[in-house]
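Coordinate inspection notes
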Amino acid sequence: MSTQEKQGLVRKSTPADIEMVEVEQLIEICNKYEGLRMRLDTEPMRKRPGDNVYDFLYYEDGKLVSYLALDSFGRKQKEVTGMVHPEYRRRGIFRTLLEAVKEESIDMGVQKLILVCEENSLSGLAFVDAIGAHHEFSEYEMVLGTFKEKFVFDDRFRFQEANASDFDTIVSIMATDLDEGEGIEGLERWIAKSLQDPNGHFYLGRFGGDSVSCGEPIGCLRLDEMAKEIGIYGFIVRPDYRGQGYGRQMLEEAIRTIQSRSSKGIMLDVDTNNTNAIGLYRSCGFEVRATYAYYGLDLQ
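In short, a report on the structure. The shown structure was predicted, so the numbers you read here are calculated from the model rather than taken from an experiment.

**Let's talk about helix α6 (residues 184-195)**
- If you check α6, its first and last C-alpha atoms are 16 Å apart, about what 12 residues at 1.5 Å a residue would give, namely 16 Å.
- Residues of α6 that are buried include every one of Leu-187, Ile-191 and Ser-194, and no others. The buried side chains of α6 occupy one side of the element, clustering within an arc of 65° when seen end-on.
- The inward-facing, buried residues of α6 contact α5 (167-174), β8 (200-207) and β9 (216-225).

**Quick notes on the pairing of β8**
- Counted residue by residue, β8 has 7 buried out of 8 residues, so it is predominantly covered.
- Relative to β8, strand β7 (residues 157-161) is paired through 5 bridges, and the arrangement is antiparallel. Residue pairing for β8: Glu-161 is matched across the bridge by Tyr-203.
- When β8 meets β9, the two strands line up antiparallel, connected through 8 bridges. The partner of Phe-207 across the bridge, within β9, is Glu-216.

**A word on the state of the cysteines**
- Under the defined criterion, the tally for this structure stands at 0 disulfides.
- No disulfide involves Cys-117; its sulfur sits 12 Å from that of Cys-30, the nearest cysteine.
- Owing to a relative accessible area of 6%, Cys-117 belongs among the buried residues under this scheme.
- Looking at Cys-284, it has no disulfide partner, and the nearest cysteine sulfur is the one in Cys-220, 17 Å off.

**Description of the sheet that holds strand β3 (residues 63-70)**
- Strand order in the open sheet formed by 12 strands is β1-β2-β3-β4-β5-β12-β6-β11-β10-β9-β8-β7, and the pairing between neighbours is mixed. Each edge of the sheet is formed by a strand with only one pairing partner; in this case those strands are β1 (8-12) and β7. Averaged over all neighbouring strand pairs, the angle between strand axes comes to 25°, with direction disregarded.
- Here strand β4 (residues 77-84) pairs with strand β5 (residues 112-118) via 4 bridges, running parallel. Of the residues in β5, the one forming a bridge with Gln-77 is Lys-112.
- Sheet strands in contact with helix α1 (residues 17-34) are β1, β2 (55-60), β3 and β4, and its direction is about 95° off that of β3.
- This element, helix α7 (residues 246-261), spans β6 (134-144), β7, β8, β9, β10 (229-237), β11 (265-271) and β12 (286-298) of the sheet and lies at about 40° to β7.

**Description of the pattern of salt bridges**
- For the structure on display, the rule yields 22 salt bridges.
- With a closest N to O distance of 3.2 Å, Lys-102 and Glu-99 form a salt bridge. Pair noted here: Lys-102 and Glu-99 are both in helix α3 (residues 93-107), with a separation of 3 residues, about one helical turn.
- For Lys-102, a relative accessible area of 22% puts it in the partly exposed group.
- For Asp-154, the salt bridge goes to Arg-156, with nearest N and O atoms at 2.7 Å.
- Under the relative-accessibility criterion, Asp-154 is labelled buried at 18%.

The rules we used
- Residues numbered from 1 in each chain as written.
- Predicted model: local features only at pLDDT ≥ 70, side-chain atom pairs only at ≥ 80, totals over all residues.
- Heavy atoms only, no water.
- Helix = DSSP H or I, 4+ residues; strand = E, 2+ residues; numbered from the N terminus.
- Expected span 1.5 Å × (residues − 1).
- Buried < 20%, exposed > 50% of the residue type's maximum accessible area, 1.4 Å probe, protein only.
- Arc of directions from axis to C-beta.
- Contact = heavy atoms within 4.5 Å.
- Pairing = 2+ DSSP bridges.
- Disulfide = S-S within 2.5 Å.
- Axes fitted to C-alpha atoms, helices over the stretch in contact; angles between N-to-C directions.
- Salt bridge = Lys/Arg side-chain N within 4 Å of Asp/Glu carboxyl O.

Here it is, written out as structure tokens:
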């Protein structure tokens, strides 16, 4: 089917390159219209596993006018991000896409959708309110400005890249911050999949020991390389080692590691209520660039 022949809803498990180009163009239009930073990175979409439908497109006379992406990670909960061309809003198009997403999600055993909405998007906020989605939490997207290094550190701390043999260690660290009701199985699946991703790398912080590979693992984080930036995710320090400067030391090591290998920008996300983490990030030179709200929509 040619682009000119496309009409209405199109479901895709492995989007074609031309479709991703159309999505990128639509992102640019919507961002410019409302002054947004749409939380959609098309690079992972080009590498969909192809096991289920994750991409939902809507065409009018061959023109892509709406798009909705379902996160391929997670089982019981999945994130949803989407948009509608400004000239095609208030026609029920996005509701059509969302209903299709619900159908696919229920078939996959998903219990809840998490809709991602930038807090500057008046149209997005109006939509989540209209469908009865409930606010769960919000995050700041922070980007590194001028890196502010601290030069006095504990030399017993070591920072090293992790590999598949560190799977259990990474799980044990990240499990300390699991929300109530979240299962360890989902975390294990995510870590196992992430360890195989060539664009992402886990790092461990260790305390003590006589070599880099020795010492007690006290924290971890993951560096994800995207098209234009490198993100710092899954940054956790074990509770017994918090408030002692090891989080700062680990974060600075991550920044230096990135800057030694790439000229790309550095970003991270943080819960808007996590004042300690926000203070740490600001002290290292990070600045808030955007705020995203996450709204839950129960399916079962």
